[in-house]
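Secondary and tertiary structure notes
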Amino acid sequence: MTMQQFIEGPLWTFAATVFLVGVAWRIVAIMMIGKPKDLTVAKSSSMAGAAKSIALHSVPHGGNLSRTIYHVISGYAFHLGLFALLFLAAPHVTFISERIVTVPWPAMPRWAFIIAAEAAFAGLILLYLRRLTDPIMRQLSDWDDHVGTWLTFLAMLTGCLALQESHIGLRLFHMVTVQVWMIYFPFSRLMHAFTFAMARKHTGATYGRRGFTP
Amino acid sequence: MTDVPASDAPAIDVQAAVDKFNALTGSHIASYLDACVHCGQCAQVCHFHEVTKDPRRTPAVKLKPITKVYNRHKAPFSGLRKAFGLAPELTADDLREWEELIFDSCTMCGRCTVVCPMAIDIASVVAISRQAFAAAGLGPADLMQAAETSRDKGSPLGVTTDVLEDRIEWLEDEHEVEIALDKPEADILLLVSSIELMKYPDSIVAMAKLLNHAGANWTLSTKGYESTNFGFLSGKGDIAKIMITRITEAAEAVGAKTVVVPECGHAFGVLRWAGANILGRPLPYEVTHITEYLAGLKRAGKLAFKPMADAITYHDPCQISRRGGATEDARYLLDGFATGFTEMTPTGNYNWCCGGGGGVQAIGRAANVRHEVFRIKMKQVEETGAEAMVSACSNCRLTMDESKAALGWDKQLMSLVEILADHLLVAEK
Amino acid sequence: MAENSTTGFSKTLLTGVMVILALLVLFGLQPSALAGELPTRQKVPDITDTSRPYGPGDLSDMWRGIRMGEPSSVTRPGKDGDVLIQSEGGQWQARRGALIIKYGSMVLIAIIAVIALYFMLFGRIRIKGGRSGLVIPRFTLIQRVVHWSVALLIVMLSLSGLILLVGRDSLIPVMGREGFSIVASAAMEGHNLFGPLLIPALIAMFVTFVRGNGYRLIDIKWLFKGGGFLGGHASSYKYNFGEKTWFWWAMVLGLVVCASGVAMLFPEITPGRRFLQFANLAHAAAAIGIIAFAIGHIYLGTIGMEGALEGMTKGTVDKNWAKEHHDLWHDEHVQAATTDTAGAEVAAAAHGDVLPEGAGE
């Protein structure tokens, strides 16, 4: 088996399995912990509160935007850029439609790719610089934050280096970094991509029944 | 697990804290702990961080002790983490180091949740953490004492039933108002806060006047009169339950369908939104805050007020507005009555805390920070041009009164029920 | 003193704006200045014309027209899309090789050689009085973060850019065509994607470092003394003539690099090929200018001079270093000198070299 066959075959299958099973396991395990039934009398709908929180909590509210503007701008730039790259970059669209779902969807044009990549890189770097220098974030950060950031950065970087799509070696390099990222994902704080909805659901439900979703 | 105590420090029962943390970590708490990405935005809106700029006073830092226990014992893949040596056990030093953050440095106001990208309810995690710290034998002595006094004497300020009876009798004489105490039967059980009884008795008089005027069938009860729940605030679950049991027994004794909580934010938050869970069964009565109840009476046309032109603004008690769901009721009461009313910025559900909620008011060593926090409020009020700040929480009021005195501020602090009672429109019959 | 630095700041700002304006005027000029003079275009002749030198069907004029870049009729018209042969491309290629690569390499090699020679002859510039044990806060944490962001970007972009510029000549012999092809592909994509980040980084650098970088009279004296390299003491405030020149050099050439880089990244927004060819040459020339100065800067900041690097890592410098290299700044900040190195680092991180209130004259 060549290196290419190994990376595109068994290693890909392994990474994808760890990712899917790990993520599902962690979500189910958190839900299985359970919580006691709330016996208080609801004033308003907890379902509506949960839905509102999941869907709308990302929208800055409460008049605090000027206080959190750095995180809001760099956070949005990074996440929107990353999602655009992940789901709309032409090579990804091809890969996903060949391997995962057969229905292709339109890829974004080159100029949009460049803007998305700039936004994602600038956002990630700004957030990481803040993590390194802001006393508040330094106080909170642990090794997982650093490893997660670096793996994400490397996956993005190798992807961009392979953008010309003219060398198998560069593509395999990208695939390997992504596979490492996928294997690390379920055991790390990268899981916030899923747990964010769980946390928001609980807060939204708890406070939705009181009549105000924070 | 218990550390060998230093000569002057009390023993810290780490295992008890670990057990408590484990017992109280439900899937909601687990979701919170797993979702925190350590971004630190919560610090930007916390009043304690705002005035100290101390990075340790970041709300998310308060999640650390419980996260440590969670990662070692309950989290998914905790076995894997332990195997790699990545999940150390909680230590006595951790607890000692975090005590001030968990008790003195959080009023459980919930502002941090608003900016948290994950909407983590740090306040509820702090409430749980206090139980674990209390189980380990930690917590500020004065706050713990207030809880124990509530258990032993009926109220954190030592208002026994005798004191209650004396005070009520004196108030009735002094203000020529009928204050029902221990009526055998009533639709409404009114609670009082000992802060009102001892420091702001006019507030009780005002409630009595308003309820009497509206023709409500209400009473106070010596069986259960104290609305504040220092058992909850100090993390002593058993005392929290005792306090709620007393109220419930009193309500059942008089056959009350409604329990009205006076001007006290946490008293309302605990009884209304945690009471049944602490008691372990649904409460056999409806819990309502005095502002909600009065708004209902006004809506029903049973109360009307003479206009008041004073330049005032309204301070939202966190547990009544943001975390209580009764933000609009105070506005409804002020509407059409307080013609000189101006909102602060921010206000309502996004207000700044007074700095003394969650029992912090009772912690003596936190006084200086509280005063600093009050500067935020002073600035907010001054920006509105109001001459007086009205609130519907005697704990907020006490906190702010102390800070006002310490800082020599010249604006007035008022109670909503008091200004309402002062401007009650008595129709000529 | 406060008043002085304020006027210094506005002067600096004014200088910066003037330089940028001048540059914009220059940049807006006809690219022919660099791309060379072009023959006048001719109208494509009517090939049925019997009066043509070789009779009807004489295509020589048509081919001449095509050769001269005369637009033709095409099914997908667009920017330059109707030009069959763009002859200026040959000129661009020749200039890239004969001017940029040739002289660029010579400049870079010469600078490295001079520095190496200097280092061999004179060695490291030591702090003459030795370390004092006292430190003075110099750079804020924000300034250091900005500096290292720009530094990292410039190093990455220089390496990938040089691979693209001279890799064909220098790397193919080492790694072969296939190997170089992979490296060049990665270098191009990396360069294209990280390049634009230099724009916000340089803006941040301008904002955080412009104060104190305005030229003053004393800089001329410094220049005449050769910055102390020729012997004698050259006085300076926070930044000396060399450092100020580096700042403005990086800003001005950075602007050229960024503008031309954006043009090449988004060719759709440019007037056409000739502009892009001009942009490419300007990009390379300016980049070599930055790299050349950067080599000297990196040398002096690291092995070249004792006590310089820590200003940009810890944020503090030794008092004796300050006295030797920035005596006037040292005199202003001498009372901030302290043996509490940890405390000075914290103070530097938050306030840089701003003295506490009430300090100074």
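Keep in mind it's a predicted model, so treat the numbers as computed, not measured. (Residues numbered from 1 in each chain as written. Chains lettered and ligands numbered in written order. Predicted model: local features only at pLDDT ≥ 70, side-chain atom pairs only at ≥ 80, totals over all residues. Heavy atoms only, no water.)

Re the overall build of chain C
Helices and strands together make up the secondary structure of chain C, namely 14 helices and two strands. Among the 361 residues that make up chain C, the fraction classed as buried is 40%. Put simply, 76% of the contacts in chain C that link residues at least 6 apart link residues at least 24 apart. Working note: accessible area of chain C is about 19800 Å², and carbon and sulfur atoms make up 68% of it. (Helix = DSSP H or I, 4+ residues; strand = E, 2+ residues; numbered from the N terminus. Buried < 20%, exposed > 50% of the residue type's maximum accessible area, 1.4 Å probe, protein only. Contact = heavy atoms within 4.5 Å. Areas by Shrake-Rupley, 256 points an atom, 1.4 Å probe, with all protein chains shown as cover.)

Re the pattern of salt bridges
All names here are of chain B. Under the counting rule described, the total for this entry stands at 35 salt bridges over all chains. Of the charged contacts in the structure, one is a salt bridge between R370 and E402, with a shortest N-O distance of 3.3 Å. In this pair, R370 is assigned in helix α19 (residues 367–384) and E402 in helix α20 (residues 394–407), connecting sequence segments 32 residues apart. Judged by relative accessible area, E402 falls into the partly exposed class, the value being 30%. E418 serves as the salt-bridge partner of R397, at 3.1 Å between the closest nitrogen and oxygen. Of the two residues, R397 is situated in helix α20 and E418 in helix α21 (residues 416–422); the sequence distance between them amounts to 21 residues. (Salt bridge = Lys/Arg side-chain N within 4 Å of Asp/Glu carboxyl O.)

Comments concerning the state of the cysteines
All names here are of chain B. Summed over the entire model, instances satisfying the criterion amount to zero disulfides over all chains. C112 carries a free sulfur, and the closest cysteine sulfur to it, the one in C42, is 6.2 Å from it. Assessed through its relative accessible area of 10%, C112 is described here as buried. C396 carries a free sulfur, and the closest cysteine sulfur to it, the one in C393, is 3.6 Å from it. Residue C396 is classed as buried on the basis of its relative accessible area, which comes to 5%. (Disulfide = S-S within 2.5 Å.)

Focus: the packing of aromatic side chains
Applying the stated criterion across every chain, the model contains 28 aromatic pairs over all chains. A centroid spacing of 5.7 Å and a plane angle of 80° characterise the contact between F212(A) and Y350(B), whose relative ring orientation is edge-to-face. Here F212(A) is found in the segment after α9 (192–208), whereas its partner Y350(B) is found in the loop between α18 (327–334) and α19 on a different chain. According to the relative accessible area criterion, F212(A) is buried, its value standing at 10%. With a centroid separation of 4.9 Å and an interplanar angle of 45°, the aromatic rings of Y118(C) and F122(C) are classed as tilted. Of this pair, Y118(C) and F122(C) both sit in helix α4 (residues 88–122), four residues apart, roughly one helical turn. The exposed category is assigned to F122(C), whose relative accessible area is 59%. Grouping aromatic residues by their ring pairs yields a cluster made of F121(A), Y128(A), W150(A), F153(A) and F194(C). The side chain of R56(B) reaches across the aromatic face of W98(B), ending 4.8 Å from its centre. Sitting over the ring of Y200(B), R397(B) keeps its end group 3.9 Å from the ring centre. (Phe/Tyr/Trp six-rings, centres within 6.5 Å; stacked < 30°, edge-to-face > 60°. Lys NZ or Arg CZ within 6 Å of the ring centre and 35° of its normal.)

Side note on the environment of G228(C)
Looking at where G228(C) falls in the secondary structure, it is placed in the loop between α8 (217–224) and α9 (241–265). Residues G228(C) and H325(C) lie 97 residues apart in sequence; the distance between their C-alpha atoms is 8.9 Å.

Overview of the domain arrangement of chain C
Its domain assignment divides chain C into domain 1 (42–85) and domain 2 (88–351). Centre-to-centre separation of domain 1 of chain C and domain 2 of chain C, based on C-alpha positions: 50 Å. (Domains from an automatic or database assignment.)

What about the environment of T270(C)?
All names here are of chain C. Here T270 lies in the loop between α9 and α10 (273–304). Accessibility expressed as a relative area gives 5% for T270, which makes it buried. Spatially, the C-alpha atom of T270 lies 9.1 Å from that of K79, the residues being 191 residues apart in sequence. Discounting chain neighbours no more than four positions away, the residues touching T270 are K79, A263, F275 and L276. At 2.7 Å, the side chain of T270 and the backbone oxygen of P267 are in polar contact. (Polar contact = N/O pair within 3.5 Å; in protein donor to acceptor, adjacent residues only side chain to side chain.)

Description of the packing of helix α3 (residues 65–88) of chain A against helix α4 (residues 90–99) of chain A
All names here are of chain A. Across the interface, α3 lies against α4 with an axial gap of 6 Å and an inter-helix angle of 50°. What the angle tells us is that α3 and α4 run oblique. Residues L85, L86, F87 and L88 of α3 pack against A90, H92, V93 and I96 of α4. (Axes fitted to C-alpha atoms, helices over the stretch in contact; angles between N-to-C directions. Parallel < 35°, antiparallel > 145°, perpendicular 65-115°, else oblique.)

Regarding the interface of chain A and chain B
How big an interface is tends to be stated in terms of the accessible area lost upon association of its parts. With 52 residues of chain A in contact, the opposing surface of chain B contributes 62 residues. The junction of chain A with chain B conceals about 4900 Å² of combined surface from both sides, 60% of it contributed by carbon and sulfur atoms. Of all residues in chain A, R67(A), L140(A) and R210(A) give up the largest surface area on contact with chain B, accounting jointly for 15% of the area buried on that side. For the pair chain A and chain B, the interface holds three salt bridges. The salt bridge partner of E50(B) is R67(A), with a shortest N-O separation of 2.7 Å. Connecting chain A to chain B are 29 residue pairs in polar contact (both at pLDDT 80 or more). When contributions to the side of chain A that touches chain B are tallied by element, the ones reaching two or more residues are α1 (3–33), α3, α5 (110–133), α6 (135–140), α7 (143–161) and α9 of chain A. It is α9(A) that provides the largest number of residues to the side of chain A that touches chain B, a total of nine residues. Counted by class, the side of chain A that touches chain B contains 22 nonpolar, 16 polar and 14 charged residues. (Buried area = accessible area lost by both parts, 1.4 Å probe. Nonpolar A, V, L, I, M, F, W, Y, C, P; charged D, E, K, R; others polar.)

A look at the sheet that holds strand β7 (residues 412–415) of chain B
All names here are of chain B. Taken together, the three strands give an open sheet; going across it, the order is β5-β6-β7, and neighbouring strands pair in parallel fashion. Edge strands, defined here as strands with exactly one partner in the open sheet, are β5 (312–315) and β7. If you compare each strand with its neighbour and ignore which way they point, the axes differ by 30° on average. As judged from the four bridges shared by strand β6 (residues 388–391) and β7, these two strands associate in the parallel manner. When the bridges of β7 are listed, M389 appears paired with L413. (Pairing = 2+ DSSP bridges.)

Some points on the arrangement of the chains
Take the two pairs of chains in contact: the one carrying the most contacts is chains A and B. A minimum C-alpha distance of 13 Å separates chain B and chain C, which share no contact.

Looking at the side chain of H333(C)
Residue and element names in this part refer to chain C. By the secondary structure assignment, H333 is in helix α13 (residues 327–333). At 2.7 Å, the side chain of H333 forms a polar contact with the backbone oxygen of D353. Residues contacting H333, with those up to four places away along its chain left out, are I136, D353 and L355.

Concerning the domain arrangement of chain B
Residue and element names in this part refer to chain B. What the domain assignment lists for chain B is domain 1 (14–138), domain 2 (142–298) and domain 3 (302–422). Computed over C-alpha atoms only, the centres of domain 1 and domain 3 are separated by 30 Å. Contact with domain 1, which involves 23 residues of that partner, is made by 21 residues of domain 3. Note on domain 1 versus domain 3: buried area summed over both sides is about 1600 Å², and carbon and sulfur give 62% of it. When the buried surface of domain 1 facing domain 3 is broken down by residue, V51, D104 and R111 rank first, second and third, together holding 33% of it. Where domain 1 touches domain 3, the interface holds three salt bridges. For D121, the salt bridge is made with R323, and the minimal N-O distance between the two is 3.1 Å. In this assembly, domain 1 and domain 3 are joined by nine residue pairs in polar contact (both at pLDDT 80 or more).

Points about the nonpolar core
Counting 65 residues, the largest nonpolar core has L95(B), I120(B) and F133(B) as its most contacted members. A total of eight residues in this core trace back to one element, the largest contributor, which is helix α8 (residues 122–135) of chain B. When near neighbours in sequence (up to four residues on either side) are disregarded, F133(B) contacts F21(B), P65(B), L95(B), W98(B), E99(B), I102(B), F103(B) and L138(B). Core analysis: the second largest hydrophobic core is formed by 52 residues, A89(A), A116(A), I154(C) and L198(C) among them. (Core = buried A, V, L, I, M, F, W, Y, C linked by side-chain atoms within 4.5 Å.)

A few points about the confidence of the model for chain C
Residues and elements named next belong to chain C. Put simply, chain C has an average pLDDT of 84, and 82% of its residues get 70 or more. When pLDDT is averaged over each element of chain C, helix α7 (residues 198–209) comes out on top at 96 and helix α2 (residues 32–35) at the bottom at 43. Confidence over residues 1–8 falls short of pLDDT 50; this stretch has three contacts with residues more than four positions distant or in other chains. A low-confidence stretch, residues 26–41 (pLDDT under 50), is modelled with 21 contacts involving residues beyond four sequence positions or located in other chains. (pLDDT = per-residue confidence, 0-100.)

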